[in-house]
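Summary of structural features
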Amino acid sequence: MKKRISIIMVLAMLISTLAGCTTSNEIAQGVTDTTVKVGNTAATSGAFAAVGVPFNAGIEAYFKMVNDAGGVDGRKIEFVHYDDEFDPIKATTFTEQLINDDKVFAIVGHFGTPTIGATLDLLKETGIPAVYFAAGIAALYNEDATSIEKGKGLFPVQPIYVTEGRLIVARAIEEHNAKKIGVIYTNDDAGKDLLAGVENQVEKLGADYTVVKEQVNPGATDVSSQALKMKNENVDVIVAASIQATLPTIIKGLIAQGVNKPVFTTYSNADATTIANFQADYANTQNKFPIYSNAWVDLSNQEEVDEFVQGMTNFGKPEYAANAFSMAGWIAGHFFVEGLRRVEGETLNWENYINGMEKEPFKIPMGGTVDFANGKRLGTQSMSLLKVSDDGSAWEVVKPVEDLNVILDRIQ
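None of the values given here were measured: they were computed from a predicted structure.

1. Things to note about the overall build of the protein
Assigned secondary structure in the protein consists of 14 helices and 14 strands. By the compact-globule yardstick of 22 Å for 412 residues, the protein fits well, its C-alpha radius of gyration being 23 Å. The C-alpha extent of the protein, read off along each of the three principal axes, is 85 × 50 × 40 Å. Burial status across the protein gives 53% buried among its 412 residues. Taking contacts inside the protein between residues at least 6 apart in sequence as the whole, the part at least 24 apart equals 73%.

Okay, structure coming up:
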C-alpha cells in the first residue's frame, strides 16, 4: 500500500511539473536564493536587427541598473537571449529551449508578430509568465484571462491594435463629432485588427454610427479607388488602418482625389520617417486636412525621459539613449521588475507572481497606465493624441495621455 501511494505521489508531482504549475509555497524554476533567470527570443540579426538589438539593449540596461543596486529581494536577474532572425520556427524552438532546458522563470520582451503568433499556445500550455509583447496583434487581446488556459500568465503592455481601433473611434467622435467612419485597411494583421477595433467600438455605440471600409494590399502603390469611395460616401473621418509602408500611399491618394476629411492612424506610424514620405505632398496641398496618430509613450514627462536616457548611458549602450526601440525594451524590463517587487517577502513562483501582476494598475514609464486585474489583457488603453504639423515635418502633441474609458465617459 505504501509503495502504491508513493507511486501516485510521484506521478502527481510529475504531472504538476509538466503543466508548469506551482503552489503558493513552492519555489518556481529559474529561481535560487540569489538569482532569477529570465529570457527571450528576438531578431538580433537579419532584416529586423535594427529593432531587436536596441530592444534587447533596453531590457539588459534596465536589469543591470537593478542588479547593480542589489537586485530584488536579494536576487540578481540573469537574462538569456536567442536570436530567432524573425523566423517563427526558430522562435518556437528557442522558446521551448528557454522553458524546458534553460528553465527560465519568465519570458520578458516576447518579440515580433510571427514569434508571438507561433508560441502563444505553448506559453498558455506551460503557464509560464510572459511579460511584455513587442507587437499589437489581436491574439493578445483578452477580456477574460481568468485561468492559465485562457492566458492568465500573459501580460501585454504596449497597445493592442484592437484596443487602439476603439480608441481611434472615441477620438474621432470627440475631435470631429464623427458618426460615419471610413476605414482604409491593409489586408494584414495590423490592418484587420485595427478595423476590428473600430467595428467593435462602433457596434457598442449603436445604430447612429456606421463604418465604411475599403481594403488595400500591404505596400500598395495606388489607392485611388479606395480614396474615391471615401469621397463618394462622404464619411466624417477616415481611419488609415495600416503601418509604415502603406500610410504615405493612403495620404497621397486622398490628396490626389481631393479628399479633405480628418485622418486617424495607428501609433506605429508616429515617427518622423513615416511622415517624411508624404511631407512634400501634404505641405503643398491647398486642400489640407488634419492627420492624427496616437502615442503610448509620453516624451513630455522629462523626469522619466531623463531616467531612461541616464539608464541607457550608465548601464547600457549610450548610442541607444534616444532610440524608441530601446525605450520599449526599457519599459519591458521595468514591468518584469515591478512584478518581482510586488512579491517581495513571498515565495517566488508563477502563481504568486501572476497574482502580484494583477494586484493593482501599473504606471508605464513615459506613458499612462495598464491594468491586468480580473483577467484583463488589453494592453495599455492610455495614449496621447498627436497631429502632423502644417508643413508635414513633425508630429505635435495635441492631447495628453488619457485612458480610453475616460474619453468614452466624455462622449457618451
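Next comes the rest of the description.
2. Describing the pattern of salt bridges
Side-chain pairs of opposite charge can arise where the charged atoms are in close proximity. If you walk through the whole model with that rule in mind, you get 16 salt bridges. A salt bridge links Asp68 to Lys64, with the shortest nitrogen-to-oxygen separation between them at 2.9 Å. Of this pair, Asp68 and Lys64 both sit in helix H2 (residues 49-68), four residues apart, roughly one helical turn. You can call Lys64 partly exposed: its relative accessible area is 39%.

3. Points about the sheet that holds strand E3 (residues 106-111)
What the five strands build is an open sheet, ordered E2-E1-E3-E4-E5; its pairing is parallel. With partners counted over all chains shown, the strands left at the sheet margins are strand E2 (76-83) and strand E5 (154-155), one partner each. With two bridges joining them, strand E4 (residues 130-134) and E5 adopt parallel strand pairing. Looking at the pairing, Ala130 lines up with Leu154 of E5. Strands strand E1 (35-42), E2, E3 and E4 of the sheet are contacted by H2, whose axis makes an angle of about 165° with E2. Together, E1, E3, E4 and E5 form the strand contacts of helix H4 (residues 113-126), whose direction differs from that of E3 by roughly 160°.

4. Focus on unusual backbone geometry
Although it is not a glycine, Asn177 sits at a positive phi angle of roughly 50°. Within the secondary structure, Asn177 is located in the loop between helix H5 (161-176) and strand E6 (180-186).

5. Concerning the packing of aromatic side chains
Under the defined criterion, the tally for this structure stands at 20 aromatic pairs. Where Phe86 meets Phe111, the ring centres are 6.1 Å apart and the plane angle is 75°; that geometry is what we call edge-to-face. Separated by 25 residues along the polypeptide, Phe86 in the loop between E2 and helix H3 (88-100) and Phe111 in strand E3 bring together distant segments of the chain. We classify Phe111 as buried; its relative accessible area is 4%. Aromatic ring contacts, followed pair by pair, group Phe48, Phe55, Phe86, Phe111, Tyr132 and Trp296 into a single cluster. The ring of Tyr282 is capped by Lys288, whose NZ or CZ atom sits 4.5 Å from the centre of that ring. Directly above the ring of Phe362 sits Arg342, whose terminal nitrogen or CZ lies 3.7 Å from the centroid.

6. Comments concerning the packing of H3 against H4
Close contact between H3 and H4 brings their axes to 8 Å; oriented N to C, the two are set at 30°. Judged by the angle between their axes, H3 and H4 are roughly parallel. Crossing of H3 against H4: the hand is right-handed. Note on element contacts: H4 touches H3 through Pro114, Thr115, Ala118, Thr119, Leu122, Leu123 and Thr126, opposite Pro88, Ala91, Thr92, Thr95, Glu96 and Ile99. For the contact of H3 with H4, the class distribution of residues is seven nonpolar, five polar and one charged.

7. Section: the pairing of strand E13 (residues 382-388)
Looking along a regular strand, one sees the side chains alternate between the two faces of the sheet. With respect to burial, E13 is a largely interior element, six of its seven residues being buried. Of the strand pairs in this sheet, strand E10 (residues 291-295) and E13 are connected by four bridges, and their pairing is antiparallel. Across the sheet, Ala295 pairs through a bridge with Ser384, a residue of E13. Pairing of E13 with strand E14 (residues 395-403) involves six bridges; the strand directions are antiparallel. Opposite Ser382, over in E14, you have Asp403 as the bridge partner. Adjacent in sequence and paired antiparallel, E13 and E14 are bridged by six residues, among which Gly392 carries a positive phi angle near 75°.

8. As for the confidence of the model for the protein
Summarising the model, the protein shows a mean pLDDT of 91, and 94% of its residues fall at 70 or more. In this model residues 1-20 is a low-confidence stretch, pLDDT under 50, and it forms five contacts with partners more than four residues away in sequence or in other chains.

9. Concerning the environment of Pro290
Residue position: Pro290 is located in the loop between helix H10 (279-284) and E10. Taking the relative accessible area as the measure of exposure, Pro290 reaches 18% and is therefore buried. Sequence spacing of Pro290 and Val237 is 53 residues, and the spatial spacing of their C-alpha atoms is 9.9 Å. Those residues within four positions of Pro290 in sequence are excluded, and the remaining contacts are His176, Lys261, Pro262, Val263, Tyr282 and Lys387.

10. Focus on the environment of Lys124
Along the chain, Lys124 turns up in helix H4. A relative accessible area of 24% means that Lys124 is categorised as partly exposed. Between the C-alpha atom of Lys124 and that of Leu404, which follows or precedes it by 280 residues, the distance is 28 Å. Setting aside residues up to four positions removed in sequence, Lys124 forms contacts with Ile148, Glu149, Lys150, Gly151 and Leu154.

11. Quick notes on the nonpolar core
Residues Phe105 and Phe336 are the most contacted members of the largest nonpolar core, which totals 102 residues. Per-element tally for this core: the top contributor is helix H12 (residues 324-341), with nine residues. Of all hydrophobic cores here, the second largest spans 25 residues; its members include Val212, Val223, Val235 and Phe289.

Definitions and cut-offs
- Residues numbered from 1 in each chain as written.
- Predicted model: local features only at pLDDT ≥ 70, side-chain atom pairs only at ≥ 80, totals over all residues.
- Heavy atoms only, no water.
- Helix = DSSP H or I, 4+ residues; strand = E, 2+ residues; numbered from the N terminus.
- Rg over C-alpha atoms; globule rule 2.2 N^0.38 Å.
- Buried < 20%, exposed > 50% of the residue type's maximum accessible area, 1.4 Å probe, protein only.
- Contact = heavy atoms within 4.5 Å.
- Salt bridge = Lys/Arg side-chain N within 4 Å of Asp/Glu carboxyl O.
- Pairing = 2+ DSSP bridges.
- Axes fitted to C-alpha atoms, helices over the stretch in contact; angles between N-to-C directions.
- Phe/Tyr/Trp six-rings, centres within 6.5 Å; stacked < 30°, edge-to-face > 60°.
- Lys NZ or Arg CZ within 6 Å of the ring centre and 35° of its normal.
- Parallel < 35°, antiparallel > 145°, perpendicular 65-115°, else oblique.
- Left-handed = near helix turned anticlockwise from the far one by under 90°.
- Nonpolar A, V, L, I, M, F, W, Y, C, P; charged D, E, K, R; others polar.
- pLDDT = per-residue confidence, 0-100.
- Core = buried A, V, L, I, M, F, W, Y, C linked by side-chain atoms within 4.5 Å.

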